[in-house]
Amino acid sequence: MHEKTRFRLHSHDVPYGSGSGQQSVTGFPNVDDANSYWIVRPMPETSAKQGDNIKSGSIIRLQHMKTRRWLHSHLHASPISGNLEVSCFGDDGNSDTGDYWRLEIEGKGKTWRQDQRIRLLHVDTSGYLHSHDKKYSRIAGGQQEVSVISVRLIIVFLKVECWGIFRNRTIREACNHSQIKSFRWFTRII
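Attention in this report is confined to the structure presented alongside it. None of the values given here were measured: they were computed from a predicted structure. (Residues numbered from 1 in each chain as written. Predicted model: local features only at pLDDT ≥ 70, side-chain atom pairs only at ≥ 80, totals over all residues. Heavy atoms only, no water.)

So, about the overall build of the chain. What the chain contains, in helices and strands, is 1 helix and 12 strands. The order of helices and strands in the chain, counted from the N terminus, is β-β-β-β-β-β-β-β-β-β-β-α-β. When the 190 residues of the chain are sorted by exposure, 50% land in the buried category. A fraction of 61% describes how many contacts in the chain between residues 6 or more apart in sequence connect residues 24 or more apart. (Helix = DSSP H or I, 4+ residues; strand = E, 2+ residues; numbered from the N terminus. Buried < 20%, exposed > 50% of the residue type's maximum accessible area, 1.4 Å probe, protein only. Contact = heavy atoms within 4.5 Å.)

Set out below in structure tokens:
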């Protein structure tokens, strides 16, 4: 969740009408929307295994659970602010370095844990995942633009409220009953 605006990273199978034409990524206010679920995955050809802790400095990929595409950025301009566009690209077998994000944990923690503030640095462009209160009026009416911004002075923090794979529970029940406190590979971000 974007800490300042309280919107969640969100995507749906709707392409941008300009720029790359790839699947759009937005900020969305609702908690219980399946289009706001992401799977944390390591870079290909690493020794990371499911269940390993994710440490600060790790290069991660975020896979959109519903469409199976990767959170991606490149040199196309974002539609509203003109920063760098963030899209979803590829599929289970198709990923490139535009999908790589370096996890930066704010504060003393070296391992990603629930309720920590983090930043995601896009490896190829050296910019940070960013959102603001500017909203789309068409395509994704009322949703916020998500982009990559290269200015380090603007620090964007994300807060993960609840995560994991939960069966036979609503999302709200799962969050209220979550006993797990640290992030591990292949877990969902809600």
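Continuing now.
A few words now on the pattern of salt bridges. As enumerated under the stated definition, the model contains 4 salt bridges in all. Linking Asp-92 and Arg-68 is a salt bridge whose minimum nitrogen-to-oxygen distance equals 3.3 Å. Taken together, the positions of Asp-92 in the loop between β6 (84-89) and β7 (101-105) and Arg-68 in the loop between β4 (59-64) and β5 (70-77) put the pair 24 residues apart, joining distant regions of the chain. Note that Glu-106 is salt-bridged to Arg-119, the shortest N-O span being 3.3 Å. Pair noted here: Glu-106 is in the loop between β7 and β8 (117-122) and Arg-119 is in strand β8, with a separation of 13 residues, a long-range link. If you follow the salt bridges from partner to partner, you end up with Glu-104, Glu-106 and Arg-119 in one network. (Salt bridge = Lys/Arg side-chain N within 4 Å of Asp/Glu carboxyl O.)

With that settled, the discussion passes to unusual backbone geometry. Despite not being glycine, Glu-45 has its phi angle at roughly 60°, a positive value. With a phi angle near 70°, Arg-68 is a residue other than glycine that sits in the positive phi range. Of the residues examined, Arg-68 reaches a relative accessible area of 26% and is grouped as partly exposed.

Take the pairing of strand β10 (residues 144-149) next. Of all the 6 residues making up β10, 6 are buried; the element is thus mostly covered by neighbouring parts of the structure. The two faces of β10 match: Gln-144, Val-146 and Val-148 on one face and Glu-145, Ser-147 and Ile-149 on the other face are all buried. Direction of pairing for strand β2 (residues 23-28) relative to β10: antiparallel, over a ladder of 2 bridges. Within β10, the position partnered with Thr-26 by the bridge is Glu-145. For β6 and β10, the ladder comprises 2 bridges, and the chain directions are antiparallel. Among the inter-strand pairings, Glu-85 is bridged to a residue of β10, identified as Ser-147. Inspection of the sheet shows strand β9 (residues 127-135) paired to β10 by 5 bridges, in the antiparallel sense. Residue pairing for β10: Ser-131 is matched across the bridge by Val-146. (Pairing = 2+ DSSP bridges.)

As a further point, take the packing of aromatic side chains. All told, the structure shown has 0 aromatic pairs when counted by the stated rule. Above the ring of Trp-70, the side-chain terminus of Arg-61 is found at 4.0 Å from the ring centroid. (Phe/Tyr/Trp six-rings, centres within 6.5 Å; stacked < 30°, edge-to-face > 60°. Lys NZ or Arg CZ within 6 Å of the ring centre and 35° of its normal.)

Turning our eyes to something else, we now look at the pairing of strand β3 (residues 38-42). Within β3, 5 of the 5 residues are buried, which leaves it mostly tucked inside the rest of the structure. The two faces of β3 match: Trp-38, Val-40 and Pro-42 on one face and Ile-39 and Arg-41 on the other face are all buried. One ladder, built from 5 bridges, connects β3 with β4; its direction is antiparallel. Within β4, the position partnered with Pro-42 by the bridge is Ile-60.

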